[in-house]
Amino acid sequence: MIRKAELNRKTKETDISMNLFLDGSGKSEIETGIGFFNHMLEGFAKHGFFDLTVSVDGDLDVDGHHTVEDTGIVLGTAIKKALGDKTGIKRYGSFLLPMDDALCLCAVDLCGRPYLGFTCEFPVEKVGDLDTELVKEFFYAVSYSAGMNIHIKMLSGDNAHHMIEAMFKAFAKALDEAVSKDERIKDVLSTKGSL
């Protein structure tokens with residue numbers, strides 16, 4: 001099975017096209033209109049070994065909220081679609097990622113139930129053109145649309161750029177582990193029989 005998804009989502013606020021290949025090499029082409037957000041999604045693809053193309057035309061004349069949140073919705077939907085019935089996947093993944101002053105823990109469970117635990121206070125309101133408060137909104141949107149538990153804890157950090165980058169990379173590494181296959185798992189890793 002080729003684990004990929006191609007999605008288009010258009011509203012009055014955003015027009016998003018996305019292609020995701022879970023078993024890729026980390027290639028990406030990202031254009032969201034928010035430079036720092038592009039950089040974070042490129043890092044997510046690179047460190048998770050996901051091939052990802054994203055094109056977003058959002059109402060940035062208002063602010064970045066709809067662009068960031070809706071990109072999270074589409075990414076979560078793409079992850080869910082690409083995984084199919086989740087046969088053979090490890091389901092759980094976690095990673096502790098250092099980036100200079102920042103140390104971030106991320107753990108995920110592809111259980112089918114959305115939940116976001118997010119423990120972080122940023123020292124500034126913006127990094128580049130990205131409002132730091134939108135980082136939580138992004139991960140909440142991914143969690144909800146993918147049906148995924150995500151826990152992110154910033155254990156230390158002073159520089160918001162490093163903190164956010166550590167989050168996206170830790171999420172990538174944790175998700176890469178969770179979607180990976182284990183030959184010992186013949187169906188799905190749940191006593192319920194489905195995820």
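The notes below deal with the structure included here. Remember, it's a predicted structure, so these values are computed and weren't measured experimentally.

Reading the values: rules and limits
Residues numbered from 1 in each chain as written. Predicted model: local features only at pLDDT ≥ 70, side-chain atom pairs only at ≥ 80, totals over all residues. Heavy atoms only, no water. Helix = DSSP H or I, 4+ residues; strand = E, 2+ residues; numbered from the N terminus. Rg over C-alpha atoms; globule rule 2.2 N^0.38 Å. Buried < 20%, exposed > 50% of the residue type's maximum accessible area, 1.4 Å probe, protein only. Contact = heavy atoms within 4.5 Å. Areas by Shrake-Rupley, 256 points an atom, 1.4 Å probe, with all protein chains shown as cover. Lys, Arg positive; Asp, Glu negative; His and termini not counted. Charge placed at Lys NZ, Arg CZ, Asp CG, Glu CD. Pairing = 2+ DSSP bridges. Axes fitted to C-alpha atoms, helices over the stretch in contact; angles between N-to-C directions. Expected span 1.5 Å × (residues − 1).

With that settled, the discussion passes to the overall build of the protein chain. Within the protein chain, the regular secondary structure consists of four helices and ten strands. Secondary structure elements in the protein chain, listed N-terminal to C-terminal, are β-β-β-α-β-α-β-β-β-β-β-α-β-α. Taken against the 2.2 N^0.38 rule, which gives 16 Å for 195 residues, the C-alpha radius of gyration of the protein chain at 16 Å falls within 12% of a compact globule. For the protein chain, the residues scored as buried account for 51% of the 195 residues in total. For the protein chain, restricting intrachain contacts to residue pairs at least 6 apart in sequence, the fraction spanning at least 24 positions comes to 76%. Accessible surface, the protein chain as shown: approximately 9400 Å² in total, 49% of it carbon and sulfur. Looking at charge distribution, the protein chain has the averaged site of its 22 positive side-chain charges lying 10 Å from that of its 31 negative ones.

A few words now on the sheet that holds strand β2 (residues 14–21). With mixed pairing, the four strands of this open sheet are ordered in space as β1-β2-β4-β3. Of all the strands in the sheet, just β1 (4–10) and β3 (28–31) have a single pairing partner and so form its edges. The average angle at which neighbouring strand axes cross in this sheet is 5°, direction not considered. In this structure, β2 lies alongside strand β4 (residues 51–58), joined through eight bridges in antiparallel fashion. Looking at β4, one finds that phenylalanine 21 is bridged to aspartate 51.

The next point concerns helix α3 (residues 133–146). With 14 residues, α3 ought to run about 20 Å at 1.5 Å a step, and its terminal C-alpha atoms sit 21 Å apart, in line with that. Among the residues of α3, Leu134, Val135, Phe138, Phe139, Ala141, Val142, Ser143, Ser145 and Ala146 are the ones counted as buried. Lining the buried residues of α3 we find α1 (35–48), α2 (65–83), β7 (115–119), β9 (130–131), β10 (149–156) and α4 (160–179). One or two steps after α3, the chain reaches glycine 147, where phi turns positive at roughly 65°.

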